[in-house]
Amino acid sequence: MSAAETGAAFIEATGLVKRLGGQSVLDGTTLSLRRGETLAVLGRSGEGKSVLLKHLAGLMMPDAGSVRIDGEEIVGVDERRLGPVRRKFGLLFQNGALFDSFNVEDNVAFPLLEQGLRDSTEVRRRVLAALEAVGMADHLMKMPIHLSGGQRKRVALARAIITQPRCLLYDEPTAGLDPIGTANIDRLIRGFQERYQVTSLVITHDLKTVERIADRVAFLRAGRIHFLGAPSAFFTTADPVLRQFLDGRADDSDAR
Amino acid sequence: MVGIIRNLGRWLIDRLAYLGQLAGLVNEIRVSMLRGKWRPRLLGEQLVATGFGSQLVVIITGAFVGAVFGFQIYAKFKGYALESATGAMVSVAMCRELGPVVTALMVAGRVGSSMAAEIGTMKVTEQIDALRSLGIHPVDYLVTPRLLAMMVSMPLLIAEAIAFGIFLSYVVVVEGFGVPVAYYRNHTLASTNMEDVSIGMIKGFVFGILIVIISCHQGLHASNGAVGVGRSTTEAMVVSALWVLIVNFFLSLLLNIVFPYGSAA
């Protein structure tokens, strides 16, 4: 019986420890992603949010701790055995990570072809549907190098959703976008969640994005989850660390 | 003194770690070949890129190495009235040493560095993580097709280099310096046998594997953005070339035991 069926978290990370380059990045991080929710993970730059996301996706392995995806432990599992687990979710990378030798259509079709779908009419239909969902259906033949940052992210989003995964992980989906581009991506994320009840985890710095899409908020600090709760509690908190982040105040040492 | 020992120890650990990573990659390739998904389209693309695309550079290199070697041998042999034996020297040297080595060095420069740059760029732009997130093993997708293509291409490229080297040497010595064609041809054919050709092909096969493993490893371990990719690309070429030269020496010793001179003459 899957975790979803038992009501357990879709992704459950416990006591993650990771040191990179002699520095502690994750120091006992514990976090769970409930089925159907959108969890926003915030934190200052360099606090290890992307590292945490890569651990949750099984792209990095912790020095200690456990990650269970849909009830299945993935820490210590051979890379080749992780394929079926990874196909349960879609991952949107910070810069899109589109394959730069493929055009837009081939990038989006790639997951389907790799899963063995050979009916070219069906592949094309699903590629067009995914690209229409992100407003990029007119750019089929373009190469990634000819797309703007926002367009690349939307194509990457189409690639992430084309296999209709049960969970979507977003690494700073709105970083570097103008406010309208940000609002468009936020609407897409919320739309996927409402339409398909996809479980989502969004790494972001953008407080407006949190307001628009998050069901819960986690704040990462010094390798641990400093805050976990509802957005309303997050935005009204009196915690000095969170208040500084929310108010955008410079560090005392920086201010001097 | 302590500093020297520490640096030496660090260097040794780095080298051992490097060899460990290469061994890990070789094992992944083995698993990939036995259990990985077969991707004929990628293999075809790599055959075109590595084999077909390298032909011109390999032909020119082989031809001019053969030509200059032929000229030098002719100039030396002429003093002993042995100029008609030039073809025999050129042919055996091209088959056993010059053809495989110069081809491997050119392919390391052209194909090896390109593999490291392409895979390295994919690494630093998270495209390899994107592959992994889709449940695709990077070795299956990026390394195995390149290795298979190189295993097929290298012996053929070496055969081309040898053939054009012998041909241009013939043009220089026979057409240019007037050595009688019958003597030249007879000496060449009498001294060159299948064992000489086999040595060239076997070396090509081994060098091809070396170049792909070293170059792909460099790409897969690239880091630090464009600077890191640049470093990986250079390292791929330099390390491949060094390994080709070192392995060639030991391979020559070994293959000369298996196929001794004059064994089938």
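Residues numbered from 1 in each chain as written. Chains lettered and ligands numbered in written order. Predicted model: local features only at pLDDT ≥ 70, side-chain atom pairs only at ≥ 80, totals over all residues. Heavy atoms only, no water.

### Side note on the overall build of chain A
The condition is simple: Secondary structure counts use DSSP, requiring at least four H or I residues in a row for a helix and at least two E residues in a row for a strand, with both numbered from the N terminus. For the radius of gyration, the atoms used are the C-alpha atoms, and the globule rule reads 2.2 Å times the number of residues raised to 0.38. Buried residues are those whose accessible area, probed at 1.4 Å on protein chains only, stays under 20% of the maximum for their type, while exposed residues exceed 50% and partly exposed ones sit between those limits.
Scanning chain A from N- to C-terminus turns up 11 helices and 10 strands. Rg of the C-alpha trace for chain A: 18 Å, near the compact-globule value of 18 Å for 256 residues, within the 12% margin. Principal axes of the C-alpha set define a box for chain A whose edges measure 60 × 40 × 35 Å. Split into buried and exposed, the 256 residues of chain A put 52% on the buried side.

### Section: the sheet that holds strand 3 (residues 38-43) of chain A
Adjacent strands of a sheet pair through backbone hydrogen bonds, lying either parallel or antiparallel. Residues and elements named next belong to chain A. Rules: Any two strands with at least two DSSP bridges between them are considered paired. Fitted lines through C-alpha atoms serve as axes, helices being fitted only where they are in contact, and the angles separating the N-to-C directions of these axes extend from 0 to 180 degrees.
Taken together, six strands build an open sheet; the order of strands is 6-7-8-3-9-10 and the sheet is mixed. Either end of the sheet is taken by a strand with one partner, and the two such strands are strand 6 (89-92) and strand 10 (224-229). In this sheet, neighbouring strand axes are inclined to one another by 15° on average, regardless of whether the strands run parallel or antiparallel. Bridge count between strand 6 and strand 7 (residues 167-171): four bridges; the pairing is parallel. Residue Phe89 lies in a different strand from strand 7, and its bridge partner there is Cys167.

### Notes on the sheet that holds strand 5 (residues 72-73) of chain A
All names here are of chain A. Note the threshold: Contacts were defined at the residue level, with two residues in contact if any of their heavy atoms lie within 4.5 Å.
Sheet architecture is open: four strands sit in the order 2-1-4-5, paired in antiparallel fashion. Either end of the sheet is taken by a strand with one partner, and the two such strands are strand 2 (23-33) and strand 5. Bridging between strand 1 (residues 11-20) and strand 2 involves eight bridges; their strand directions are antiparallel. Following the sheet pairing, Arg19 is matched in strand 2 by Ser24. Sheet contacts for helix 2 (residues 49-56): strand 1, strand 2 and strand 4 (64-69); angle to strand 1, the most-contacted strand, approximately 125°.

### As for the interface of chain B and chain A
Think of interface size as the accessible area that goes away when the parts come together; that is how it is often given. Just so we agree on the cut-off: Two parts placed together each lose some accessible area under a 1.4 Å probe, and adding up what both lose gives the buried area. Salt bridge, as used here: a side-chain nitrogen of Lys or Arg that lies within 4 Å of a carboxyl oxygen of Asp or Glu. The definition of a polar contact used here is a pair of N or O atoms within 3.5 Å, where within protein one atom must be able to donate a hydrogen and the other to accept one, and adjacent residues in sequence count solely through side-chain atom pairs. Following the grouping adopted for this structure description, the nonpolar residues are Ala, Val, Leu, Ile, Met, Phe, Trp, Tyr, Cys and Pro, the charged ones are Asp, Glu, Lys and Arg, and the polar ones are all others, Gly among them.
Contacts between the two partners involve 24 residues from chain B, matched on the other side by 23 residues from chain A. Here chain B packs against chain A, burying approximately 1,900 Å² in sum over the two surfaces, 49% of which is carbon and sulfur. Between Glu79 of chain A and Arg132 of chain B there is a salt bridge, with its nearest N and O atoms 2.8 Å apart. Seen at the junction of chain B and chain A, the total is 10 residue pairs in polar contact (both at pLDDT 80 or more). Counting only elements with at least two residues in the side of chain B that touches chain A, the list comes to helix 1 (2-35), helix 4 (86-124), helix 5 (127-133) and helix 6 (138-176) of chain B. For the side of chain B that touches chain A, the element with the highest residue contribution is helix 5 of chain B, accounting for six residues. Split into classes, the residues belonging to the side of chain B that touches chain A amount to nine nonpolar, seven polar and eight charged.

### So, the packing of helix 8 (residues 194-220) of chain B against helix 9 (residues 225-258) of chain B
All names here are of chain B. How we decide: These descriptions rest on fixed angle ranges, namely under 35 degrees for roughly parallel, over 145 for roughly antiparallel, 65 to 115 for roughly perpendicular, and the rest for oblique. Left-handed is the label given to a crossing in which the near helix is rotated counterclockwise from the far helix by less than a right angle, and right-handed is the label when the rotation is clockwise.
Put simply, helix 8 and helix 9 touch, their axes get as near as 9 Å, and they point 150° apart. By the criterion of interaxial angle, the relationship of helix 8 to helix 9 is roughly antiparallel. Once helix 8 is placed against helix 9, the crossing between them reads as right-handed. Of helix 9, the residues touching helix 8 (which contributes Ile199, Ile202, Lys203, Val206, Phe207, Leu210, Ile211, Ile214, Ser215 and Gln218) are Ser232, Glu235, Ala236, Val239, Ser240, Trp243, Val244, Val247, Asn248, Leu251, Ser252 and Leu255. Class assignment for the residues of the contact of helix 8 with helix 9 results in 14 nonpolar, six polar and two charged.

### What to know about the packing of aromatic side chains
To keep things clear, this is the line we draw: Side-chain rings of Phe, Tyr and Trp, where Trp is taken by its six-membered ring, are said to pair if the distance between their centres is within 6.5 Å; with planes under 30 degrees apart they count as stacked, over 60 as edge-to-face, and otherwise as tilted. Criterion for a charge above a ring: Lys NZ or Arg CZ within 6 Å of the ring centre, and within 35 degrees of the ring normal.
Evaluated as defined, the whole model comprises 12 aromatic pairs over all chains. Relative to Phe250 of chain B, the ring of Phe249 of chain B lies with its centre 5.1 Å away and its plane at 75°, an arrangement referred to as edge-to-face. On the basis of relative accessibility, which here comes to 47%, the residue Phe249 of chain B falls in the partly exposed class. By relative accessible area, which is 53% here, Phe250 of chain B ends up exposed. Members of the aromatic cluster, joined through ring pairs, are Phe219, Phe227, Phe234, Phe235 and Phe245 of chain A. Here the guanidinium or amino end of Arg159 of chain A rests over the ring plane of Phe99 of chain A, the centre of that ring lying 4.7 Å away.

### Topic: the confidence of the model for chain B
Note the following rule: Residue-level confidence of the predictor is what pLDDT reports, using numbers from 0 through 100.
Looking at chain B as a whole, its pLDDT mean stands at 92, while 98% of the residues score no less than 70. Complex prediction metrics read pTM 0.87 and ipTM 0.87.

### Topic: the nonpolar core
What counts here: Only buried residues count toward a nonpolar core, which is a set of Ala, Val, Leu, Ile, Met, Phe, Trp, Tyr and Cys residues joined through side-chain atoms within 4.5 Å.
In terms of nonpolar packing, the biggest core is built from 83 residues, with Ile11, Leu169 and Leu201 of chain A together with Met154 and Phe207 of chain B touching the most fellow members. If sequence neighbours within four positions are ignored, Ile11 of chain A has contacts with Leu31, Ser32, Leu33, Leu56, Val67, Arg68, Ile69, Cys167 and Leu169 of chain A. Val104, Val123, Met136 and Leu157 of chain A belong to the second largest nonpolar core, which has 31 residues in total.

### Focus: helix 2 (residues 40-51) of chain B
Residue and element names in this part refer to chain B. Threshold: One less than the residue count of a helix, multiplied by 1.5 Å, gives the span that helix is expected to have. Relevant arc is that of directions from the helix axis to the C-beta atoms, nothing else.
Counted at 1.5 Å a residue, the expected span for helix 2 with its 12 residues is 16 Å, and the 15 Å between its end C-alpha atoms agrees. Burial in helix 2 covers these residues: Leu42, Leu43, Gln46, Thr50 and Gly51. Each buried residue of helix 2 lies within a common arc of 125° when the element is viewed along its axis, so the set occupies one face. Residues of helix 2 that are buried in the fold lie against helix 3 (55-78), helix 4 and helix 6.

### Some points on the pattern of salt bridges
Residues and elements named next belong to chain A. In the structure shown here, the tally under the stated rule is 24 salt bridges over all chains. Here Asp63 and Lys18 are joined by a salt bridge, their closest N and O atoms 3.9 Å apart. Within this pair, whereas Asp63 is found in the loop between helix 2 and strand 4, its partner Lys18 is found in strand 1, the two being separated by 45 residues in sequence. Judged by its relative accessible area of 12%, Lys18 falls in the buried class.

### Describing the environment of Gln46 of chain B
Residue and element names in this part refer to chain B. With respect to the helices and strands, Gln46 occurs in helix 2. The exposure class of Gln46 is buried, given its relative accessible area of 12%. Considered as a pair, Gln46 and Ile5 are 41 residues apart in the sequence and their alpha carbons are 45 Å apart.

### Let's talk about helix 6 of chain B
Think of an α-helix as turning once every 3.6 residues; residues three or four places apart then point the same way. Residue and element names in this part refer to chain B. The test is simple: Two axes enter the bend calculation: one fitted to the seven residues ending at the residue in question, the other to the seven starting there, and the bend is the angle between them.
Helix length check: helix 6, at 39 residues, gives a terminal C-alpha distance of 53 Å against a target of 57 Å (1.5 Å per residue), a fit within 8%. The largest bend in helix 6 comes to about 30°, at Thr144, with the proline Pro145 one to four residues further on. Immediately beyond the C-terminal end of helix 6, within one or two residues, lies Gly178, with a positive phi of roughly 75°.

### Comments concerning unusual backbone geometry
At Gln197 of chain A, a residue that is not glycine, the phi angle is positive and equals roughly 50°. Position of Gln197 of chain A among the secondary structure elements: in the loop between helix 7 (179-196) and strand 8 (199-203). Look at Glu126 of chain B: it is not a glycine, yet its phi comes out positive at around 65°. As for its placement among the helices and strands, Glu126 of chain B is situated in the loop between helix 4 and helix 5.

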